[in-house]
Amino acid sequence: MNTNTSLEVLLAEPRGFCAGVDRAIEIVERALAKFGAPIYVRHEIVHNTYVVSDLKAKGAIFIEALDDVPAGATLVFSAHGVSRAVQQEATARGFRIFDATCPLVTKVHVEVAKLAKEGYEFIMIGHKGHPEVEGTMGQLECGIHLVEDVLDVARVQPAQTEKLAVVTQTTLSVDDAAAIAAAIKARFPNVREPKQQDICYATQNRQDAVKLMSPQVDVVVVVGSPTSSNSNRLAEVARKLGTPGYMVDSADELQPQWFEGCHRIGLTAGASAPEILVTQVIERLKALGALSVQRLPGDPESVKFPLPKGLRLDQNEADQANKSSPN
């Protein structure tokens, strides 16, 4: 890969799992321990191939349509959230439901519901087809308009502009979202903006870490699955700073030619990517010629979200869950 003996890996901090992902996975694992397999999960619990495969092996069944869930089953909503229609249908069918929606996504849903009662329409900044966007827009039957870029802002046609509010997908590029929000503000000067930005702390922290790392390295590798929005944004952040950025779902996807002539490789992971994948990527990079790994400075994250009621385990269940955990 490189004849230079000083080739090293710089490891971004923070990286990998966020509190919302930790909570979502724990909800599925606790439901399996408490109620037994199978547990049904609507959509991938988080967008990571390794995580989904691991939970499938433990007895989780991932579905998209509620028709695929048998009567009386236990159902978990994914971390991305669901529409009101899905919530109502699941309740009507009598499933035992646990909601693994990230609390930061739920916060956006609550804000939409509250302002809608006050007569507001909404412009949502996000990616069409992403389950989080579908869940947030599905909190209302009408009056919420999606924009994906600045050009969309010029085309959007709300029914009224006196009461107009902006909401954002939580996993966007901070810089891109800010540019779109500025365009909305320029066209609709009285638009109501979130009291605190909707982009989550973990998304921002991981992007900031890549911004710090990128100028110090020749190439950035992001561990994350192709469907992971926040992982894709990390690679984009690197590229926008002029550093080649590649995303891999596993160590097997690393390409030796990416690192030809490099002296430093930057490595990070999206918020849905487990640390075991980072470790495997490091081992693969060492096999390709990397001689050292240096952790960059970064503030540790201490956020922890509570689990839903009904998932507390007794000691025997907790011991069994710990035995089955891959970590």
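Everything in this summary refers to the structure shown in the same document.

The next point concerns the overall build of the protein chain. From N to C terminus, the protein chain includes 11 helices and 12 strands. Its C-alpha atoms give the protein chain a radius of gyration of 21 Å, near enough to 20 Å, the size a compact globule of 327 residues would have. Each principal axis of the C-alpha atoms in the protein chain carries an extent, and together these give about 65 × 55 × 30 Å. Relative to its full complement of 327 residues, the protein chain shows a buried share of 50%.

In a regular helix each residue adds 1.5 Å, so 14 residues correspond to 20 Å; helix α7 (residues 174–187) covers 20 Å between its end C-alpha atoms and thus fits that length. Within α7, burial applies to V174, A177, I180, A183 and I184. For α7, the secondary structure elements touched by its buried residues are β6 (121–125), β7 (144–147), α6 (150–155), β8 (164–168) and α8 (201–213).

Running from amino to carboxyl end, α8 crosses helix α9 (residues 229–240) at an angle of 25 degrees, the nearest separation of the two axes being 9 Å. By the angle between their directions, the pair α8 and α9 is classed as roughly parallel. Like other packed secondary-structure pairs, α8 and α9 cross with a definite hand, here right-handed. Seen from α8, the contacting residues are T203, R206, Q207, V210 and K211; seen from α9, they are N230, R233, L234, V237 and A238. A breakdown of the residues in the contact of α8 with α9 according to their chemical character gives 4 nonpolar, 3 polar and 3 charged.

Pairing is parallel across the open sheet formed by 3 strands, whose spatial order is β7-β6-β8. Whereas interior strands pair on both sides, the edge strands pair on one side only; in this sheet they are β7 and β8. Going across the sheet, the axis of each strand differs from the next one's by a mean of 25 degrees, ignoring polarity. Across 4 bridges, β6 lies against β7 in parallel orientation. Residue pairing in the sheet places I125 in a bridge with V147 of β7.

On to the nonpolar core, then. Judged by nonpolar contacts, the single largest core of 30 residues is most densely connected at V28, V41, I45, V46, L55, F62 and V76. Of all the secondary-structure elements, those providing two or more residues to this core are α1 (19–35), β2 (39–42), α2 (49–58), β3 (60–63) and α4 (103–117). Broken down by element, the residue count for this core peaks at 8 residues, all from α1. Each residue touching F62, except ones within four places of it in the same chain, is listed here: V41, H43, E44, I45, V52, L55 and K56.

The next thing to look at is the sheet that holds strand β4 (residues 74–77). With parallel pairing, 4 strands are arranged side by side in an open sheet as β3-β2-β4-β5. The open sheet has two free edges, formed respectively by β3 and β5 (96–99), since each of these has just one partner strand. If you compare each strand with its neighbour and ignore which way they point, the axes differ by 25 degrees on average. In the sheet, β4 pairs with β5 via 4 bridges, with the strands oriented parallel. By the bridge assignment for β5, L75 is matched with I97.

Right, let's talk about unusual backbone geometry for a bit. Residue P14 is reached from E13 by a cis peptide bond, and omega for that bond is -5 degrees. Here P14 lies in the loop between β1 (8–11) and α1. A cis amide bond links A37 to the next residue, P38, at an omega of 0 degrees. Mapped onto the secondary structure, P38 falls in the loop between α1 and β2. The phi dihedral of H43 is positive, around 70 degrees, even though this residue is not glycine. By relative accessible area, which is 15% here, H43 ends up buried.

Parameters and conventions
Residues numbered from 1 in each chain as written. Predicted model: local features only at pLDDT ≥ 70, side-chain atom pairs only at ≥ 80, totals over all residues. Heavy atoms only, no water. Helix = DSSP H or I, 4+ residues; strand = E, 2+ residues; numbered from the N terminus. Rg over C-alpha atoms; globule rule 2.2 N^0.38 Å. Buried < 20%, exposed > 50% of the residue type's maximum accessible area, 1.4 Å probe, protein only. Expected span 1.5 Å × (residues − 1). Contact = heavy atoms within 4.5 Å. Axes fitted to C-alpha atoms, helices over the stretch in contact; angles between N-to-C directions. Parallel < 35°, antiparallel > 145°, perpendicular 65-115°, else oblique. Left-handed = near helix turned anticlockwise from the far one by under 90°. Nonpolar A, V, L, I, M, F, W, Y, C, P; charged D, E, K, R; others polar. Pairing = 2+ DSSP bridges. Core = buried A, V, L, I, M, F, W, Y, C linked by side-chain atoms within 4.5 Å.

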